Amino acid sequence: HLLLFLLFAGPFNCFASYSRATELFYSLNEGLPAGVLIGSLARDLRLSTAGGQRPAAPQPPLSFTLASRGLGGQYVQLDNRSGELHTSAVEIDREALCMESSGATVFGGAAAVSSSSPSSESCLLLLDVLVLPQEYFRLVKVKIAIRDVNDNAPHFPVPHIRLSVPENAPVNTRLAIEHPALDPDVGTNSVQTYRLQDNYGVFTLDVEENESGERTPYLIVMGSLDRETREEYVTVIVAEDGGTPPLVGSATLTIGISDINDNCPQFSDSQLNVTLYGNSSLGTHVATVHAVDMDLGSNAQITYSYSQKVPQPSRDLFHLDESTGTITLSSKVDGDTPRLHRLIILGNGPGCIPAVITVLVTIIKVMMRPPEVVPRFIANEAEGVVYLKELEPINTPIAFFTIKDPDEKYKVNCYLDGDGPFRLSPYKPYNNEYLLETTKPLDYETQQLYEISVVAWNSEGFHVNRIIKVQVLDDNDNSPVFSQQLIELSIEENNVPNAFLTKLHATDADSGERGQVSYFLGPDAPSYFSLDKATGVLTVSTQLDREEKEKYRYTVKAVDSGFPPRESIATVTITVLDKNDNSPRFINKDFSFFVPENFPGFGEIGVISVTDADAGQNGWVALSVLNGSDIFVIDTGKGVLRAKVSLDREQQSSYVLWIEAVDGGDPALSSTAKITILLLDINDNPPLVLFPQSNMSYLLVLPSTLPGSPITEVYAVDKDTGMNAVIAYSIIGRRGPRPESFRIDPKTGNITLEESLMQNDYGLYRLLVKVSDHGYPEPLHSTVMVNLFVNDTVSNESYIESLLRKEPDISIEEKQPQISIEPTHKKMESASCMPTLVALSIISLGSIALVTGMGIYICLRKGKKHHRADENVEVQIPLNGRINLHMLEKKPMEISNI
């Protein structure tokens with residue numbers, strides 16, 4: 001810091017003469033690990049030499065320093081010597097970095113973060129780097145553009161979106177969906193498309209992009225709507241970005257159909273006939289008309305009025321309540337009152353043609369005063385309506401009725417007219433007193449309103465009706481009822497998050513709040529299932545994996561709002577359907593099989609085991625041989641590997657195959673495994689004698705050959721391996737003057753002279769050599785005839801060849817060859833010295849005799865040479881004319897212990 005202070009505190013003109021401002025631009029992806037190279041300042045600034053010229057004297061090393069480690073400096077590491085800029089251990093998050101800066105440039109001395117706007121694709125990390133020493137001083141402005149990667153999935157700001165659509169909305173009506181999905185990523189990694197999981201055949205989505213690049217989804221009406229048929233649609237809206245692979249987010253979309261006045265009032269009947277006695281008192285109920293409008297709220301408001309065709313006298317006689325449609329007697333009937341009245345009543349709705357009903361009122365004139373019915377109510381009563389709670393006990397009293405004749409001349413009787421659980425009985429011991437009571441508990445859900453009449457008549461047949469309405473009050477006596485007790489669902493695995501499963505529906509026969517149903521998951525439901533309390537929409541928040549769990553079973557509850565609340569339980573079962581998302585899997589990556597050669601064709605070499613975690617057709621696996629199919633075949637069902645032909649190790653000792661497993665999915669998935677087949681050797685090849693090449697060849701052996709000298713060799717090879725290729729040599733037949741003069745090395749096949757040759761030993765020697773391997777269980781062998789002609793010269797070849805053509809009379813020696821084995825240490829047994837001394841004496845005497853014999857033999861040979869001085873010198877003829885034993889190629893044998 002002191003050095004920086006001195007540099008900046010010096011004269012400004014001096015500073016200006018040495019400094020140069022430079023800008024470097026780099027770019028990198030967000031989220032990279034520590035140590036990733038961003039760029040080399042020394043290389044990009046070409047600072048290897050000062051001014052591009054070679055310095056006359058050694059210059060001090062360059063030094064690179066961040067002017068200040070501010071906000072941007074924490075994300076990079078600058079090598080002070082090399083000038084290389086690397087990412088630091090603090091991971092760069094483009095969304096957090098640029099959102100925090102909010103479009104401003106924060107200077108921490110010389111480090112800052114810059115973004116033109118939070119939603120822009122431009123996100124710059126600004127660094128100020130000082131290059132020292134002063135001779136090369138410059139201020140380097142480094143700008144690092146942070147590229148966006150698709151590391152954020154779209155998400156909706158609210159989990160539930162509600163949209164209202166009028167039922168008369170025409171086709172192609174567009175409604176903007178508030179709360180569009182948000183994605184902190186930019187460009188193609190941001191939200192690109194929207195879709196509905198279930199469009200019910202009447203909706204679709206479109207996306208509009210404004211000038212700032214924001215995409216807003218619009219709901220488009222594709223078919224006619226009718227609130228009276230269906231007042232609500234519940235689906236899932238899915239937002240998908242343009243990354244690779246794309247990421248998605250979802251929310252529940254509830255589309256409510258708002259009512260319009262598209263229905264008019266209607267009466268169930270066109271005419272109503274009513275009879276009224278002329279002595280009826282004022283306010284007597286005559287009739288009630290009722291029209292129905294299928295709309296809601298103000299659109300369903302109905303008022304009643306008389307038609308203009310109704311004459312004024314009828315209007316004055318009968319009062320019509322415009323709200324309830326109730327007709328009552330409003331003036332007294334006298335002798336001048338017409339006996340028939342035709343009342344035309346209109347049911348009026350907003351913007352509708354009125355519905356029409358005709359009420360015919362017939363008035364019966366009475367000359368005497370009718371009986372009187374005087375009620376005294378015990379239960380709650382208001383305006384002629386008695387209110388009783390459901391589940392009231394039997395014999396609940398409602399009212400007392402006093403029946404009397406005003407003229408006191410006639411006997412008056414009384415009875416109850418109308419349906420319902422009611423009884424009217426005399427109340428003893430009083431006369432003309434009657435008690436109205438219930439006969440069984442009332443049920444609001446069965447019937448809410450009863451209309452009964454207490455009828456009194458006298459002996460002259462005159463009747464009087466007293467109409468009583470009984471309104472049953474609801475109580476929370478019903479639990480919610482699911483439409484299905486067992487709800488069976490299915491969904492494909494690898495579903496999108498917050499996928500819609502179903503909408504539960506339960507009804508409660510109670511009214512008001514007591515009939516409002518809320519939905520809850522049972523305690524056994526996994527946490528990643530969610531149930532909307534109000535709508536009953538069941539969703540799953542995570543992807544399901546059939547291979548992890550195929551069946552889900554848990555309970556759901558429907559609870560009403562009564563006090564105390566009542567509930568019912570249903571069971572939800574979800575079956576996760578399989579998708580082909582698992583490749584076949586071999587139990588081993590590499591298979592090795594050991595098979596003896598000459599294995600019969602189509603024999604079982606081994607079994608290739610493979611599994612597939614998918615189910616059904618997706619889990620069916622077919623095996624095939626990718627290479628070597630002309631030799632090998634595999635059983636697709638059982639996985640048994642077979643060879644079409646017998647295999648010979650001597651032709652090929654091993655095979656490497658690649659087996660492919662393909663499942664039955666669409667598209668199909670596959671995997672491969674390596675198969676190694678090693679052929680085990682069996683003893684199926686006898687030794688092959690390479691030398692001598694013929695039983696008719698011979699070799700001249702000079703009589704002067706010293707004992708122990710090598711004469712010739714038998715050389716053979718075996719195509720087998722291991723002990724099957726270990727060869728032993730032995731002489732099994734001899735013929736000649738002194739045939740035991742030659743021996744063969746059982747291991748090398750070298751034939752050597754054992755004893756000195758005498759004059760009597762001249763002639764043709766024929767040795768039958770057996771060449772045998774050590775195969776198991778039965779060794780194989782070959783034989784060859786080795787011909788040796790002991791003489792000084794070959795004077796008559798035709799004679800020798802004639803001897804060779806004769807069938808030799810050789811007796812076979814049944815003696816197994818002995819292979820040289822490494823001697824093992826044996827314990828020395830103690831013995832007396834006497835046998836040793838005797839043996840040494842015999843050996844000494846034998847040596848003296850041998851030396852004496854050799855001297856006599858040499859003298860005789862010299863005498864014979866003087867007699868043959870004048871004879872022609874004959875040349876030694878080797879076997880087959882020109883065979884060079886030492887030049888013969890000997891192939892080494894490999895012994896493999898498999």
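Residues numbered from 1 in each chain as written. Predicted model: local features only at pLDDT ≥ 70, side-chain atom pairs only at ≥ 80, totals over all residues. Heavy atoms only, no water.

Draft legend 1. Fine view of the layout of surface pockets. In this structure, the largest pocket encloses a volume near 1,300 Å³. Thr284, His285, Asn465, Arg466 and Ile467 are, among the 39 residues lining the largest pocket, the residues nearest its centre. Taken together, the elements giving at least two residues each to the lining of the largest pocket come down to β17 (271-277), β18 (285-288), β22 (326-329), β25 (372-377), β27 (385-389), β32 (449-458) and β33 (463-473). Among the elements that make up the lining of the largest pocket, the one with the highest residue count is β33 (7 residues). Looking at the lining of the largest pocket residue by residue, the classes come out as 16 nonpolar, 15 polar and 8 charged. (1 Å grid on protein atoms, 1.4 Å probe; cavity = no way out; pocket = protein on both sides within 12 Å on 5 of 7 lines; lining within 4 Å. Points joined across faces, edges and corners; volume = space filled by probe spheres on them. Helix = DSSP H or I, 4+ residues; strand = E, 2+ residues; numbered from the N terminus. Nonpolar A, V, L, I, M, F, W, Y, C, P; charged D, E, K, R; others polar.)

Draft legend 2. Spotlight on a nonpolar patch on the surface. A grouping of Leu626, Val656 and Trp658 is seen on the molecular surface, where their side chains present a nonpolar patch of about 270 Å² in accessible area. As for its placement among the helices and strands, Trp658 is situated in strand β50 (residues 654-663). (Patch = residues over 30% accessible without salt bridge, like charges linked within 9 Å, V, L, I, M, F, W, Y side chains within 5 Å. Areas by Shrake-Rupley, 256 points an atom, 1.4 Å probe, with all protein chains shown as cover. Salt bridge = Lys/Arg side-chain N within 4 Å of Asp/Glu carboxyl O.)

Draft legend 3. Structural context of the pattern of salt bridges. With the rule as written, the count across this model stands at 26 salt bridges. Residue Arg174 is joined to Asp206 by a salt bridge in which the shortest nitrogen-to-oxygen separation is 3.0 Å. Separated by 32 residues along the polypeptide, Arg174 in strand β10 (residues 174-176) and Asp206 in strand β12 (residues 203-209) bring together distant segments of the chain. The partly exposed category is assigned to Asp206, whose relative accessible area is 30%. The partner of Glu550 in a salt bridge is Arg546, and the shortest N-O contact between them spans 3.7 Å. Judged by its relative accessible area of 37%, Glu550 falls in the partly exposed class. For Arg546, a relative accessible area of 9% translates into the label buried. Here the salt bridges share partners, and the residues they tie into one network are Arg227, Glu228, Glu231 and Asp259. (Buried < 20%, exposed > 50% of the residue type's maximum accessible area, 1.4 Å probe, protein only.)

Draft legend 4. Looking closely at the packing of aromatic side chains. Tallying each qualifying case throughout the model produces 17 aromatic pairs. When the ring of Phe400 is compared with that of Tyr427, the centres are 4.8 Å apart and the planes differ by 75 degrees; the resulting orientation is edge-to-face. Here Phe400 is found in strand β28 (residues 397-404), whereas its partner Tyr427 is found in the loop between β30 (422-426) and β31 (433-438), with 27 residues between them in sequence. For the pair Phe482 and Tyr519, a centre-to-centre distance of 6.5 Å together with 50 degrees between the ring planes defines the contact as tilted. Within this pair, whereas Phe482 is found in strand β34 (residues 481-482), its partner Tyr519 is found in strand β38 (residues 517-521), the two being separated by 37 residues in sequence. For the pair formed by Phe482 and Tyr519, the shared burial category is buried. (Phe/Tyr/Trp six-rings, centres within 6.5 Å; stacked < 30°, edge-to-face > 60°.)

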